[in-house]
Amino acid sequence: MASADTDVSGGRRPRPLSPHLSIYRPIVTMVMSIMHRVTGMMNIAGVILVLYYLLALAAGPEAFADASALYSSWLARIVLVAFTWSLVHHMLGGIRHFIWDTGKALGEERYTLSWMTLTGSILLTTALWALIVVVEAV
């Protein structure tokens, strides 16, 4: 019995190469799909940060003061802004996929929707952190 990898004469057929990233030209929907996966992983790291903060809150005033001091550093603020962006971007990406699941915006609109996801996540994150800065100043 002949294998699927052999031709009639018994020689091996050349197997087709699978397309990979070096063949495809990056388009916004492909990049947003990759970013959706990346932000999902970033969210898990961010949940660990939130868990640490909540555990410090439950552990008592000293542990909470240590966690608050850590989270008020400039490096921690950058991480928290990145986590916030990750949450917002992942949420908007999920809404984009929900719209696609309904059969809408599958034509050329998908590019606009992808750019709206990126722009919206940046704008919402900026607005949220501007509000945080204003509230902290009061």
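As a reminder, the structure under discussion sits directly above these lines.
Now for a description of the structure that goes with this document. Here the residue numbering is sequential within each chain, running from 1 through the sequence in written order. Local features in this predicted model are restricted to residues of pLDDT 70 or higher, and side-chain atom pairs are both shown and tallied only at a pLDDT of 80 or more, whereas totals for entire chains, interfaces and linings draw on every residue. Heavy atoms throughout the structure, all of them, feed into the side-chain values; hydrogens and water do not.

One side chain can pair with another of opposite charge once the charged atoms of both are near each other. Each salt bridge in this description consists of a side-chain nitrogen of Lys or Arg and a carboxyl oxygen of Asp or Glu lying within 4 Å of one another. Counted according to the given criterion, the structure contains one salt bridge. Two residues, Arg 77 and Glu 136, come together in a salt bridge whose shortest N-O distance is 2.7 Å. Here Arg 77 is found in helix H3 (residues 74-101), whereas its partner Glu 136 is found in helix H4 (residues 109-137), with 59 residues between them in sequence. Secondary structure elements are taken from DSSP: a helix is a run of H or I of four residues or more, a strand is a run of E of two residues or more, and numbering for both begins at the N terminus.

Glancing now at H3. Any helix carries an expected span of 1.5 Å times its number of residues minus one. Relative to the 40 Å expected for 28 residues at 1.5 Å per residue, H3 spans 40 Å between its end C-alpha atoms, a close match to the ideal helical length. The contact criterion used throughout is that any non-hydrogen atoms of two residues lie within 4.5 Å. Where H3 is buried, its residues meet helix H1 (28-59), helix H2 (61-71) and H4.

Moving on, we come to the side chain of Thr 84. Along the chain, the position of Thr 84 falls in helix H3. Judged by relative accessible area, Thr 84 falls into the buried class, the value being 12%. Contacts described as polar in this section are N or O atom pairs within 3.5 Å, which, within protein, must combine one atom able to donate a hydrogen with one able to accept it, while residues neighboring in sequence count only if both atoms come from side chains. Within the structure, the side chain of Thr 84 is placed 2.8 Å from the backbone oxygen of Leu 80, a separation counted as a polar contact. Leaving out residues up to four positions away in the same chain, Thr 84 has contacts with Thr 125, Leu 128 and Trp 129. Burial here depends on accessible area, computed with a 1.4 Å probe over protein chains only, as a share of the maximum for the residue type. Under 20% is buried, over 50% is exposed, and the range in between is partly exposed.

As a rule, the C-alpha atoms of each element are fitted with a line to give its axis, helices using only the stretch in contact, and angles between N-to-C directions run from 0 to 180 degrees. Close contact between H1 and H2 brings their axes to 7 Å; oriented N to C, the two are set at 145°. Every residue of H2 that contacts H1 at Leu 49, Val 50, Tyr 52, Tyr 53, Ala 56, Leu 57 and Ala 59 is listed here: Ala 63, Phe 64, Ala 67, Ser 68, Leu 70 and Tyr 71. Just so you know the grouping, Ala, Val, Leu, Ile, Met, Phe, Trp, Tyr, Cys and Pro go in nonpolar, Asp, Glu, Lys and Arg go in charged, and all remaining residues, Gly too, go in polar. Class assignment of the residues belonging to the contact of H1 with H2 gives a composition of 12 nonpolar, one polar and no charged.

What follows concerns the packing of aromatic side chains. Geometry of an aromatic ring pair is reported as the spacing of the ring centres plus the angle between the planes. Note on aromatic pairs: the rings of Phe, Tyr and Trp (six-membered ring only in Trp) are paired at centre separations within 6.5 Å, and the planes decide the class, stacked below 30 degrees, edge-to-face beyond 60, tilted for the rest. Overall, the coordinates contain three aromatic pairs when judged by the stated rule. One aromatic cluster is present, built from ring pairs that chain together Tyr 52, Tyr 53, Phe 64 and Tyr 71.

This paragraph deals with unusual backbone geometry. Peptide bonds are mostly trans, and most non-glycine residues show a negative phi. Here the phi dihedral of Ala 105 falls at roughly 60°; this positive angle occurs in a residue that is not glycine. Its location among the elements puts Ala 105 in the loop between H3 and H4.

With that out of the way, let us pick up the packing of H1 against H4. Two elements in contact, H1 and H4, have axes separated by 9 Å at closest approach and are oriented at 45°. Regarding the angle of H1 to H4, the classification is oblique. Viewed along their axes, H1 and H4 form a crossing whose handedness is left-handed. Residues Val 28, Thr 29 and Met 32 of H1 pack against Arg 110, Tyr 111, Ser 114, Trp 115 and Leu 118 of H4. When its residues are assigned to classes, the contact of H1 with H4 shows five nonpolar, two polar and one charged. Each angle receives one of four descriptions, namely roughly parallel if under 35 degrees, roughly antiparallel if over 145, roughly perpendicular if within 65 to 115, and oblique otherwise. Should the near helix be turned counterclockwise from the far one by less than a right angle, the crossing is left-handed, whereas a clockwise turn marks it as right-handed.

In this section: the environment of Leu 123. Among the secondary structure elements, Leu 123 is positioned in helix H4. Taking the C-alpha atoms as reference points, Leu 123 and Val 88, 35 residues apart in sequence, are found 9.8 Å from one another.

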